[in-house]
Amino acid sequence: MNGRQRIQKAAIDEAVAFLKKVPPFQFLEDQPLRDLARSIELEYYPTGTVILEQGGPPSEHLLVVKKGGAKVFVRSAESEETLVDYRAEGDIIGFVSLYTGDRSRTNVVATGDTICYLVGKADFRRLLDAHPLIREYLHRAFLTKYLDKTIHEMRTRSVLVGGGERLLFTTPVGELVGGTVVTAPLGLTIQAAAELMSRNHISSLILVDGGGAPAGIITDRDIRDKVVAADRDVAGPAAEIMSAPLVTADARDYCFEALLTMIRHNIHHVLVMESGAVKGIITNHDLMILQGTSPLSVVQEVEHQQDIPSLAVASRKVSQIVGLLLKEGARAANITRVVTELNDRIVRRVLEIAERRVGHPPVRYAWLALGSEGRGEQIFRTDQDNALILDDVPDADLAAEALRWAGAFAAFAKEALIACGFPPCPAGLMAANPTWCQPLRTWRRYFSEWIVNPGGGGPLQSAIFFDFRVVHGEALLGERLRDHVVAQLADQRAFLSYVVNQIVTNRPPIGFFGSFVVEKSGEHKDQLNLKARGINPLVDMVRFFALEKGCRATGTLERLEALRETHTIVREHAEELAQALDFLLLLRVHSQFRQATDGAEIDNFITPSRLTNLEKRTIKDAFHLIARVQDQVLERYKASVL
């Protein structure tokens, strides 16, 4: 190899090394990437060079910025300049113009001394023809189009991924059921049912009606709890102890859905149906064998605890479940669903123990989860955010007694939740604070004041209180409060304008030149707070849409789904916003799980420089999406924004 050849090889190696880190070229195998590197050129553009001119000839190359950057803008007939975007290292220039062969629609000018790799037109066409993934990326070139690839990259480089298989999310329940389902007529006696179960070595029996349709299920737990423990006459009809209506799953459902069903209904058997006929029964034992460890085992452990120290030990296992789900390849939305069910179960158990310690409540009450707990979006526990509603009673003495009981009850619950890993809220937004432990009429007054007098702190409260959800107690009290809130919000444009003013001021952390805006000093220097600057702006905006339309849902994804047909902005962006939220939450949970594994304090900060190029690109697109929707909201309300 002579000197010229050595120089050419070094240049090709350098190009390969660079493109390997740049989407979509990073999707290429080694040989196609090296072939591409052999054919590309390198071009230098001094500051101010016009790379493409609006209305000028189409681009002859696909340009990949190696160093420097460029400004993309359009100029009106009146010479007014409108900024479109900036291109930085790794970004692409000229795709639309090259692909369509049409004149350039924008001006592209180097903002500094810039070097670009140039992919010629013929090579570009060959690239699109031979590599559908490249074609898909370039055609769509936006968040939702390559989000899956980014998440896949996060998973494959995660320390969590080892030999585990993603069984929960890939195994249909129909593949897990086996054997023959034993059925019996509704008129069977309890004793006959028990004998039938014993003879067939089964833990459950399906009772069918006269037409042969499943009517209910009897399990060994029913025999134990409803017959033996209750001293019931075994000559009685088995139908009296069966569970009905039956909870079923379709044979095509994945095991994850069956798992959630069991947790949500607190059951251990689910009937599996296929084409309208019974295919079999899936049990919690089946799922435990599938996984080795299961959220169901945590639920069982929580349910059996009779005191707070034991419950605290069981509750620590929720973090292990997060690791398990990450290993299974779960998306953030699925992780939050499981963790919310588990955390709700722990909170309910705490409150049941609290009732035993403090005494039976003198009036009905509802325990509320607020903020991210209320939305069901908390993964690693942060602060306690809760409140308590007492039923209104006309008797003044009874009302006073209820307040005294609630104070003692909430104080016990606060300390018990701390023991179970739920830190106290530094701002005191807890039921243990008398302000947030009040009768329903007081809660109605609170919301009325926040909505009618927005200058009095209502919008600040909305970020947490408007996401309330009943976790324990009388759900009807929560429904009545929600009725009041929805009614109060009707035609309250002043309040909504106040909320808009609040949400549009919290812009995603993308700088003027497309770089991340990070902390400049202190403990988190060069980091950004993903929750405060990325997730919250999205969540706040969707909450605003919900308030605007009187939507009763509290979860961000549920709100997007509920508003998809009735809200014009949501209809346009629901899919992208849902995927952006899922990506940002998953990015945060991966970071937090690493912190937890390392024994470090869990926070919401990430270091952008440690992200891959694909992650950087995806998070930037998520931020740009949020900013664009904020701009749409601002445009709609600009006449009334303060």
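Residues numbered from 1 in each chain as written. Predicted model: local features only at pLDDT ≥ 70, side-chain atom pairs only at ≥ 80, totals over all residues. Heavy atoms only, no water.

1. Points about empty space enclosed by the protein
Phase 1: Taken as a whole, this structure holds 6 cavities of 30 Å³ or more when the rule is applied.
Phase 2: The set of elements that each furnish at least two residues to the lining of the largest cavity consists of α16 (371-375), α22 (530-549) and α24 (568-597).
Phase 3: For the lining of the largest cavity, a count of residues per class yields 4 nonpolar, 5 polar and 4 charged. (1 Å grid on protein atoms, 1.4 Å probe; cavity = no way out; pocket = protein on both sides within 12 Å on 5 of 7 lines; lining within 4 Å. Points joined across faces, edges and corners; volume = space filled by probe spheres on them. Helix = DSSP H or I, 4+ residues; strand = E, 2+ residues; numbered from the N terminus. Nonpolar A, V, L, I, M, F, W, Y, C, P; charged D, E, K, R; others polar.)

2. Quick notes on unusual backbone geometry
Phase 1: Cis peptide bonds are those with omega within 30 degrees of zero, and the linkage from Pro23 to Pro24 qualifies with 5°.
Phase 2: In this structure, Pro24 sits in the loop between α1 (3-19) and α2 (30-39).
Phase 3: Ala244 connects to Pro245 through a cis peptide bond whose omega is 0°.
Phase 4: Relative to the elements of secondary structure, Pro245 occurs in the loop between α9 (220-228) and β12 (248-250).
Phase 5: Phi at Asp526 is positive, roughly 70°, even though this residue is not glycine.
Phase 6: Secondary-structure assignment places Asp526 in the loop between α21 (493-503) and β19 (528-529).
Phase 7: Relative accessible area serves as the criterion here: at 41%, Asp526 is assigned to the partly exposed category. (Buried < 20%, exposed > 50% of the residue type's maximum accessible area, 1.4 Å probe, protein only.)

3. Focus: the environment of Ile267
Phase 1: Within the secondary structure, Ile267 is located in the loop between α10 (255-265) and β13 (269-274).
Phase 2: Spatially, the C-alpha atoms of Ile267 and Thr219 are 10.0 Å apart, while their sequence positions differ by 48 residues.
Phase 3: Every residue in contact with Ile267, bar those within four places of it in the chain, is listed here: Val247, Thr261 and Met262. (Contact = heavy atoms within 4.5 Å.)

4. Overview of the sheet that holds β12
Phase 1: Strand order across the open sheet formed by 3 strands is β12-β13-β14, with mixed pairing between neighbours. Strands with a single pairing partner mark the edges of an open sheet, and in this sheet they are β12 and β14 (277-283). Within this sheet the neighbouring strands show an average axis-to-axis angle of 35°, counted without direction.
Phase 2: Alignment of β13 against β14, held across 6 bridges, turns out to be antiparallel. Across the sheet, Val272 pairs through a bridge with Gly280, a residue of β14. (Pairing = 2+ DSSP bridges. Axes fitted to C-alpha atoms, helices over the stretch in contact; angles between N-to-C directions.)

5. A word on the side chain of Asn529
Phase 1: Looking at the secondary structure, you find Asn529 in strand β19.
Phase 2: Among the polar contacts made by the side chain of Asn529, one reaches the main-chain amide nitrogen of Lys531 at a distance of 3.1 Å.
Phase 3: Ignoring anything within four residues of it in the chain, the contact list for Asn529 reads Gly534, Asn604 and Phe605. (Polar contact = N/O pair within 3.5 Å; in protein donor to acceptor, adjacent residues only side chain to side chain.)

6. Considerations on the packing of aromatic side chains
The geometry of two aromatic rings is summed up by the distance between their centres and the angle between their planes.
Phase 1: Scanning all chains against the criterion turns up 20 aromatic pairs.
Phase 2: A centroid spacing of 5.2 Å and a plane angle of 65° characterise the contact between Tyr365 and Phe409, whose relative ring orientation is edge-to-face. Of this pair, Tyr365 sits in strand β15 (residues 365-369) while Phe409 sits in helix α17 (residues 396-419), and the two are 44 residues apart along the sequence.
Phase 3: Where Trp443 meets Phe465, the ring centres are 5.9 Å apart and the plane angle is 50°; that geometry is what we call tilted. On the criterion of sequence distance, the pair formed by Trp443 in helix α18 (residues 440-452) and Phe465 in helix α19 (residues 458-465) is long-range, its members being 22 residues apart.
Phase 4: Given the relative accessible area of 1%, Trp443 is considered buried.
Phase 5: Aromatic ring contacts, followed pair by pair, group Trp436, Trp443, Tyr446, Phe447, Trp450, Phe465, Phe466, Phe468 and Phe495 into a single cluster.
Phase 6: The residue whose ring lies beneath Arg482 is Phe468, and the NZ or CZ to ring-centre distance is 3.8 Å.
Phase 7: The residue whose ring lies beneath Lys620 is Phe516, and the NZ or CZ to ring-centre distance is 5.4 Å. (Phe/Tyr/Trp six-rings, centres within 6.5 Å; stacked < 30°, edge-to-face > 60°. Lys NZ or Arg CZ within 6 Å of the ring centre and 35° of its normal.)

7. Let's talk about the confidence of the model for the protein
Phase 1: For the protein, mean pLDDT is 84; residues scoring 70 or higher make up 89% of the total.
Phase 2: Counting contacts from residues 158-165, a segment whose pLDDT is below 50, to residues more than four positions away or on other chains yields 8 contacts. (pLDDT = per-residue confidence, 0-100.)

8. Details of helix α12 (residues 295-304)
Note that an α-helix has 3.6 residues per turn; residues three or four places apart therefore point the same way.
Phase 1: Within α12, the full set of buried residues consists of Pro295, Leu296, Val298, Val299 and Val302. Buried residues of α12 fall within an arc of 155° about the axis and therefore sit on the same side. (Arc of directions from axis to C-beta.)

9. Points about the pattern of salt bridges
Phase 1: In total, this model carries 31 salt bridges according to the counting rule given.
Phase 2: A salt bridge links Lys226 to Asp222, with the nearest nitrogen and oxygen atoms 3.3 Å apart. Here Lys226 pairs with Asp222, and both are found in helix α9, just 4 residues apart, close to one helical turn.
Phase 3: Notably, a salt bridge pairs Asp467 with Arg375, separated by 2.9 Å at the nearest N-O pair. Remark: Arg375 occurs in helix α16 and Asp467 occurs in the loop between α19 and β18 (469-473); sequence separation between them is 92 residues. Accessibility assignment for this pair places Asp467 and Arg375 in one class, buried.
Phase 4: By sharing partners, the salt bridges in this structure join Arg375, Glu377, Asp467, Asp540, Arg543 and Arg559 into a single network. (Salt bridge = Lys/Arg side-chain N within 4 Å of Asp/Glu carboxyl O.)

10. Some details on the sheet that holds strand β1 (residues 41-45)
Phase 1: The strand order β1-β8-β3-β6 describes an open sheet built from 4 strands, whose pairing is antiparallel. Edge positions in the sheet fall to β1 and β6 (92-93), since each has one partner strand and no second.
Phase 2: The pairing of strand β3 (residues 61-67) with β6 spans 2 bridges and is classified as antiparallel. Counted as the bridge partner of Val64 is Ile92 from β6.
Phase 3: On the sheet, α1 packs against β3 and β8 (114-120) and is oriented at approximately 90° with respect to β3.
Phase 4: Contacts from helix α4 (residues 121-130) reach β3 and β8 within the one sheet, and its direction differs from that of β8 by about 65°.

11. Focus: the pairing of strand β7 (residues 107-110)
Regular strands place their side chains on alternate faces of the sheet.
Phase 1: Burial along β7 is two-sided: the face carrying Asn107 and Val109 and the face carrying Val108 and Ala110 are both buried.
Phase 2: In this structure, strand β2 (residues 50-52) lies alongside β7, joined through 2 bridges in antiparallel fashion. Residue pairing across strands places Val50 opposite Val109, the latter belonging to β7.

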